[in-house]
Amino acid sequence: MNFRLIVLLGLAFAFVPGIALSEEGEAKVRPVTITVVDAETGEPLKGVKVQTRHDAGREKYTTDDAGHVVGEVSYSPEGYSSIEAVLEGYVPMKGSWRPAEDGMHCPESVKIELPKGTSISGIIQNEDGEPIEKATVELLVPDEPYEGRIKPGIWKRRVRTDEDGKWLADFIPADLYDVWIKLSHRDYSNDNHFGATPKPSIEQLRDGTGVMVMKQGILMAGRVVDADGNPIAKAEVKQGADRWGSNYPSTRTRDDGSFAFRNTEAGTVVMTVQKEGFAPAVQKIVAAQEMKPIEFVLQSPHTVRGQVVDALGEPLEGVSVVADTWRGYRAISWRAKTDAEGMFEWVSAPEDPVQYDILIKGLMSARQVALEPNDEVHKITLHPELFISGNVVDAETKEPIPAFTVIDGIDWKNGSAPGWSRRDAREGKDGKYVVRHSYPYPAHLVRIEADGYLPGVSRPFLNGEGEQTYNFELRKGEGFAGIVYGPDGEPVEQATVTLCTASAGAYIENGSIRRVTSARNVMTDANGKFSFSALDEAFALVALHESGFAEIDQETWYSEKEIRLESWATLTGEVLVGGKPNPNVRVNVFYNRPYKPDAPKVVTDYSVETDERGQFTLERLIPGDMRAGKRLQLAEMSYTTTHAVPVTIEPGGTRHVVIGGTGRPVVGKITIPEGQVKPIDLSIGHRSINTKLPVVNH
C-alpha cells in the first residue's frame with residue numbers, strides 16, 4: 001500500500017461520523033445500530049440481552065420496545081467484532097467479522113432474527129437411581145452450516161436440575177444434529193470435559209427420557225514437601241493430563257503442606273504440583289477407594305532464558321511465551337511476555353525440557369518449541385504471517401466469479417489426505433479472496449468452491465513464505481442429485497446425507513451424524529431429494545434417517561443414482577463379572593472397517609452404559625457384523641475393549657449378547673530388569689498373556 005493510499009484511507013476514516021480514532025489516527029471502534037426481531041413474525045423483541053465484543057473490550061446492552069440498541073464494534077483493518085443476542089425461549093444468535101480474513105467489516109446497522117427455541121431435557125441421577133437436585137448441565141452446540149453471517153451461538157449455556165433431577169433447555173435450534181454436555185455438582189465427580197459422562201441420544205433428549213448418571217467420587221489427599229521434608233504452603237496442585245480447554249480441578253496446599261480432592265473419578269489421574277521457587281513435579285496416580293496419601297517432594301528450580309526476534313534479527317517486545325507440554329502432559333502452567341530487548345526468563349523451571357508456544361499478533365507463531373534449562377540464551381525467530389490473496393475467475397471467460405466459498409486446508413506432509421476446515425469456511429465475492437495464517441501447520445492450502453464449478457485447490461504454502469498471490473481459474477462442473485428411499489421403498493424427508501471423502505468423512509455416533517467433522521451434509525426435501533455441488537475426488541455417500549441407514553460407494557452411486565435405506569438393528573445384552581451383573585460400565589460396539597488412507601472415511605462410535613442390573617440396549621445400529629465388549633479404561637484419555645463378543649444382526653433384527661461371566665482370575669507379577677535406569681510407565685503400552693488351552697475337536 002503506497003503513502004497516498006494510506007493518507008486517503010486516514011482521511012476517509014476521519015470524516016466518518018461517530019468513529020473513534022487512536023492517537024495514530026487509526027479507527028478503533030464505531031457505533032452500530034442493532035435491531036432484534038422474532039424470526040417468524042418479524043416483530044421487534046424487547047429485553048434482549050445484547051453483547052458486543054471487539055479489540056478494545058466488550059459491552060452489554062438490552063433492547064428497547066422497538067428491539068433497538070446502539071453498541072460499539074471494531075473498525076480496525078486488523079480488528080475483530082462480534083454481536084450476540086440472547087432472550088429466554090429463543091435460540092441465541094451470534095455474528096462475527098474479521099476484516100483481515102474476509103474483507104468484511106461489521107456494517108453500521110445489523111438486524112438479528114431470533115428463531116423460537118425448541119426444547120431438550122433429561123434426568124440426572126446417582127448410581128443408586130436417585131435424582132440429583134441442583135446439578136449443573138452445561139450445553140454446547142457445535143457450529144453447523146448456516147446461511148448468513150448471523151448464526152446460532154450456544155456456547156457453554158448452563159441449566160440446573162430440579163428436585164426430581166430433571167433439566168430443561170428451551171433455546172435449542174429446531175434442526176439439532178449434535179449437542180455436547182458437561183455435568184457438575186459439588187457432591188459428585190464432575191465432568192472434566194464435554195462428553196465425559198455418556199449422553200443420551202438426540203431422540204431421548206427430545207422426548208426427555210434420557211438419563212445421565214453422576215458417580216460418587218474418591219478422596220485423594222496428600223502433602224507437598226521440600227527436599228528436607230519441610231511442608232510447602234500455597235503450592236498449586238492440579239489434576240489432568242491436558243488442562244487446556246478442560247475443567248479439571250485444582251487446589252492449593254494448606255500451611256502444613258496438605259491438600260485434598262473430593263469426588264475424584266476412579267482411574268488413573270495425572271497430578272502436577274507447582275510453587276514459585278521450586279521445580280514442578282508430576283505423578284501419575286491410580287485413584288481408588290481407601291488409597292494411601294500422596295506425597296510430592298519439590299526439588300530446587302532451574303532457569304530457562306530466551307530472546308525472541310523477528311526475521312531481521314530485531315528484538316520483539318510483548319511476545320507471549322507459554323509453557324505448553326512437559327513430559328508428555330499439557331498440565332504445566334507458566335507464561336510471560338518479552339521485554340524491550342525481546343528477553344524472557346523462567347526461574348522456576350524443571351530440570352528437563354519443556355515445549356513452549358511463542359506468539360504475538362501479526363506474526364507467525366512458533367509452537368511446541370523445546371527449550372532446556374541451561375546457561376544458554378535460546379533465540380527464537382518469528383516470521384511474518386502467511387498472507388495469501390488472489391483472483392477467482394471462470395477458466396473459459398476469465399470473468400470474476402461473483403460468489404464462492406473459501407476453505408482453509410492443511411497439508412500434513414505425511415501422505416495422508418488434506419484436512420479442510422469447512423466449519424470455518426468464508427464467503428468470497430467479486431472474484432477476490434484473502435487468507436491469513438498465523439498458526440504454523442506443516443503446510444497450508446486454499447480451496448475454492450462455487451456453484452456450477454469444480455473445486456479449485458492451491459499449491460501447499462509453507463509458513464515462512466510471507467505474502468503470496470495465488471489465482472484460481474475454475475472449470476465448469478455439474479454436481480449430482482438423487483433420492484433417498486426408506487426400507488418401505490417410499491422417499492424419506494429429513495434424511496441426512498453425508499458426502500464422504502478421504503479428507504472429510506462421516507462420524508456416526510450412536511446412529512446419528514456428528515456434525516463437527518468437515519464433511520458436507522445435506523437434508524432431503526419432502527420428496528426425498530438431495531444434491532451436492534461438483535466434486536473432483538473419490539467419494540462415498542452415507543444416509544441416515546429414523547427409519548434406517550445406507551452406505552454406498554461411488555461406483556454403486558453412478559450405476560443406481562439412488563439410495564435405499566436398510567432398517568436399523570438393535571442389540572441388547574448384559575455384562576457379568578464373576579457371574580454377577582456389572583452395573584454402570586461402558587459397552588462398546590465396533591465394526592471391522594479396515595483403514596485405507598486414500599479411501600472415503602466412515603467412522604463409527606457406538607457405546608452405552610449398563611444399568612443397575614448390568615443390562616444395556618443399543619438401537620440404531622448399522623446392520624451387519626460387529627463386536628460388543630466391555631470398555632476398560634487404561635489411563636485418563638485412553639481405553640481398550642475386553643471380552644468382545646462377535647455378533648451379526650440383520651436389517652431390522654434384534655440380538656442379545658452376554659459379555660463376561662465365564663472367565664477366571666489370573667494373578668501375576670511384572671518385574672523390572674536389573675540395571676534398568678529409565679523409569680517405566682506400566683500404565684501404558686501393550687502387554688499380553690497367552691494361555692495354552694487343550695485343543696478340543698467337536
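Colleague: Even after reading the chapter, I still don't get the overall build of the protein chain, so can you show me in this structure?
Modeller: A count of helices and strands for the protein chain gives four helices and 55 strands. Computed over C-alpha atoms, the radius of gyration of the protein chain comes to 29 Å, within 12% of the 26 Å expected from 2.2 N^0.38 for 698 residues, which places it in the range of a compact globule. When its C-alpha atoms are laid out on the principal axes, the protein chain stretches across 85 × 75 × 55 Å. When each of the 698 residues of the protein chain is scored for burial, the buried share is 44%. Look at the contacts in the protein chain between residues 6 or more apart in sequence, and 63% of them connect residues 24 or more apart.

Colleague: Would you mind showing me how to read the packing of aromatic side chains here?
Modeller: The description of two aromatic rings rests on the distance between their centres and on the angle between their planes. Under the definition given, this model contains 19 aromatic pairs. Measuring from centroid to centroid gives 6.4 Å for Trp346 and Tyr356, while their planes differ by 90°, and the two rings are edge-to-face. Residue Trp346 is found in strand β26 (residues 343-349), and its partner Tyr356 is found in strand β27 (residues 354-359); the two are separated by ten residues along the sequence. Of the two residues, Trp346 and Tyr356, neither departs from the other in class, the shared state being buried. Summarising the aromatic geometry, the rings of Phe530 and Trp557 are spaced 5.8 Å apart at their centres and angled 50° between planes, so their arrangement reads as tilted.

Colleague: Just checking my understanding: could you explain the nonpolar core for this structure?
Modeller: Inside soluble globular proteins, nonpolar side chains tend to come together where they are buried. Ile508, Val542, Leu571, Val589, Tyr606, Phe616 and Leu621 are the most contacted members of the largest nonpolar core, which totals 29 residues. Leaving out residues up to four positions away in the same chain, Val589 has contacts with Leu571, Tyr606, Leu618, Leu621, Met626, Arg627 and Ala628. Judged by nonpolar contacts, the second largest core, of 26 residues, contains Val319, Trp326, Val354 and Ala366.

Colleague: Honestly, empty space enclosed by the protein in this entry has me stumped. Any pointers?
Modeller: Under the counting rule described, the total for this entry stands at one cavity of 30 Å³ or more. Roughly 70 Å³ of volume is contained in the largest cavity. Class assignment of the residues belonging to the lining of the largest cavity gives a composition of five nonpolar, two polar and four charged.

Colleague: Could you clarify how one ought to interpret the pattern of salt bridges in this entry?
Modeller: Oppositely charged side chains can form a pair if their charged atoms are brought close together. Counted according to the given criterion, the structure contains 25 salt bridges. Across the salt bridge formed by Glu138 and Arg158, the nearest N and O atoms sit 3.6 Å from each other. In this pair, Glu138 sits in strand β10 (residues 136-140) while Arg158 sits in strand β12 (residues 157-160), placing the two residues 20 residues apart along the sequence. Among the residues examined, Arg158 registers a relative accessible area of 55% and is labelled exposed. Here Glu295 ties to Arg223 by a salt bridge, and the two come within 3.9 Å at their closest N and O atoms. One end of the pair, Glu295, is in strand β22 (residues 294-298); the other, Arg223, is in strand β16 (residues 218-226), and 72 residues separate them in sequence. For Glu295, a relative accessible area of 45% puts it in the partly exposed group. By relative accessible area, which is 32% here, Arg223 ends up partly exposed.

Colleague: What's the story with the sheet that holds strand β29 (residues 377-381) in this structure? I'm lost.
Modeller: Whenever strands of a sheet pair, they do so through backbone hydrogen bonds, lying parallel or antiparallel. Spatial ordering of the open sheet is given by β26-β23-β29, a layout of three strands whose pairing is mixed. Looking along the sheet, the strands with just one partner apiece sit at the ends: β26 and β29. Sheet twist, expressed as the mean angle between neighbouring strand axes with direction ignored, is 25°. One ladder, built from five bridges, connects strand β23 (residues 302-309) with β26; its direction is antiparallel. Of the residues in β26, the one forming a bridge with His302 is Ala349.

Colleague: Explain the side chain of Gln239 to me, please; I cannot follow it from the model alone.
Modeller: Topologically, Gln239 is positioned in strand β17 (residues 236-239). Separated by 3.1 Å, the side chains of Gln239 and Thr264 make a polar contact. Excluding residues within four positions of it along the chain, Gln239 makes contact with Met220, Tyr248, Pro249, Phe261, Thr264, Val269, Val270 and Met271.

Colleague: Looking at this structure, I do not really get the pairing of strand β20 (residues 267-274). What am I missing?
Modeller: Side chains on a regular strand alternate between the two faces of the sheet. Where burial is concerned, most of β20 is hidden: seven out of the eight residues are buried. Sheet topology note: the β17/β20 ladder contains four bridges and is antiparallel. Looking across to β20, one finds that Val237 is bridged to Val273. Relative to strand β21 (residues 281-287), β20 is paired through seven bridges, and the arrangement is antiparallel. Directly across from Thr268, in β21, lies its bridge partner Val286. Between the antiparallel neighbours β20 and β21 lie six residues, among them Gly277 with a positive phi of about 95°.

Colleague: Even after reading the chapter, I still don't get unusual backbone geometry, so can you show me in this structure?
Modeller: Trans is the common state for peptide bonds, and a negative phi is the common state for residues other than glycine. One non-glycine residue, Asn263, lies in positive phi territory at about 60°. Within the secondary structure, Asn263 sits in strand β19 (residues 258-264).

Colleague: Looking at this structure, I do not really get the sheet that holds strand β14 (residues 180-184). What am I missing?
Modeller: The antiparallel open sheet is built from three strands, whose spatial order is β12-β10-β14. Two strands bound the open sheet, and with one partner strand each, they are β12 and β14. Between one strand axis and the next, the sheet turns by 25° as a mean value, whatever way the strands run.

Colleague: So what exactly am I meant to see when it comes to a positive patch on the surface here?
Modeller: Taken together, the side chains of Arg53, Arg58, Lys60 and Lys94 make up a positively charged region of the molecular surface. With respect to the helices, strands and loops of the structure, Lys94 is situated in strand β7 (residues 93-97).

Colleague: I keep staring at the confidence of the model for the protein chain and nothing clicks. Help me out?
Modeller: Summarising the model, the protein chain shows a mean pLDDT of 88, and 91% of its residues fall at 70 or more. This stretch, residues 1-27, has a pLDDT under 50; its non-local contacts, to residues over four places away or in other chains, come to 26 contacts.

Colleague: Looking at this structure, I do not really get the environment of His105. What am I missing?
Modeller: Mapped onto the elements, His105 comes out in the loop between α2 (99-102) and β8 (109-114). Taking the C-alpha atoms as reference points, His105 and Ser81, separated by 24 residues in sequence, lie 8.2 Å from one another. Excluding its chain neighbours within four sequence positions, the residues that come into contact with His105 are Tyr75, Ser76, Pro77, Trp97 and Pro99.

Colleague: Honestly, the side chain of Thr524 in this entry has me stumped. Any pointers?
Modeller: One can find Thr524 in the loop between β43 (520-523) and β44 (529-532). Take Thr524: its relative accessible area is 2%, and that puts it in the buried class. Within the local environment of Thr524, its side chain forms a polar contact with the backbone nitrogen of Gln494, the two atoms lying 3.0 Å apart. A polar atom in the side chain of Thr524 sits 2.8 Å from the backbone nitrogen of Ala495. When sequence neighbours within four positions are dropped, the list of residues in contact with Thr524 reads Val484, Val492, Glu493, Gln494, Ala495, Val497, Lys529 and Phe530.

About the criteria used
Residues numbered from 1 in each chain as written. Predicted model: local features only at pLDDT ≥ 70, side-chain atom pairs only at ≥ 80, totals over all residues. Heavy atoms only, no water. Helix = DSSP H or I, 4+ residues; strand = E, 2+ residues; numbered from the N terminus. Rg over C-alpha atoms; globule rule 2.2 N^0.38 Å. Buried < 20%, exposed > 50% of the residue type's maximum accessible area, 1.4 Å probe, protein only. Contact = heavy atoms within 4.5 Å. Phe/Tyr/Trp six-rings, centres within 6.5 Å; stacked < 30°, edge-to-face > 60°. Core = buried A, V, L, I, M, F, W, Y, C linked by side-chain atoms within 4.5 Å. 1 Å grid on protein atoms, 1.4 Å probe; cavity = no way out; pocket = protein on both sides within 12 Å on 5 of 7 lines; lining within 4 Å. Points joined across faces, edges and corners; volume = space filled by probe spheres on them. Nonpolar A, V, L, I, M, F, W, Y, C, P; charged D, E, K, R; others polar. Salt bridge = Lys/Arg side-chain N within 4 Å of Asp/Glu carboxyl O. Pairing = 2+ DSSP bridges. Axes fitted to C-alpha atoms, helices over the stretch in contact; angles between N-to-C directions. Polar contact = N/O pair within 3.5 Å; in protein donor to acceptor, adjacent residues only side chain to side chain. Patch = residues over 30% accessible without salt bridge, like charges linked within 9 Å, V, L, I, M, F, W, Y side chains within 5 Å. Areas by Shrake-Rupley, 256 points an atom, 1.4 Å probe, with all protein chains shown as cover. Lys, Arg positive; Asp, Glu negative; His and termini not counted. Charge placed at Lys NZ, Arg CZ, Asp CG, Glu CD. pLDDT = per-residue confidence, 0-100.

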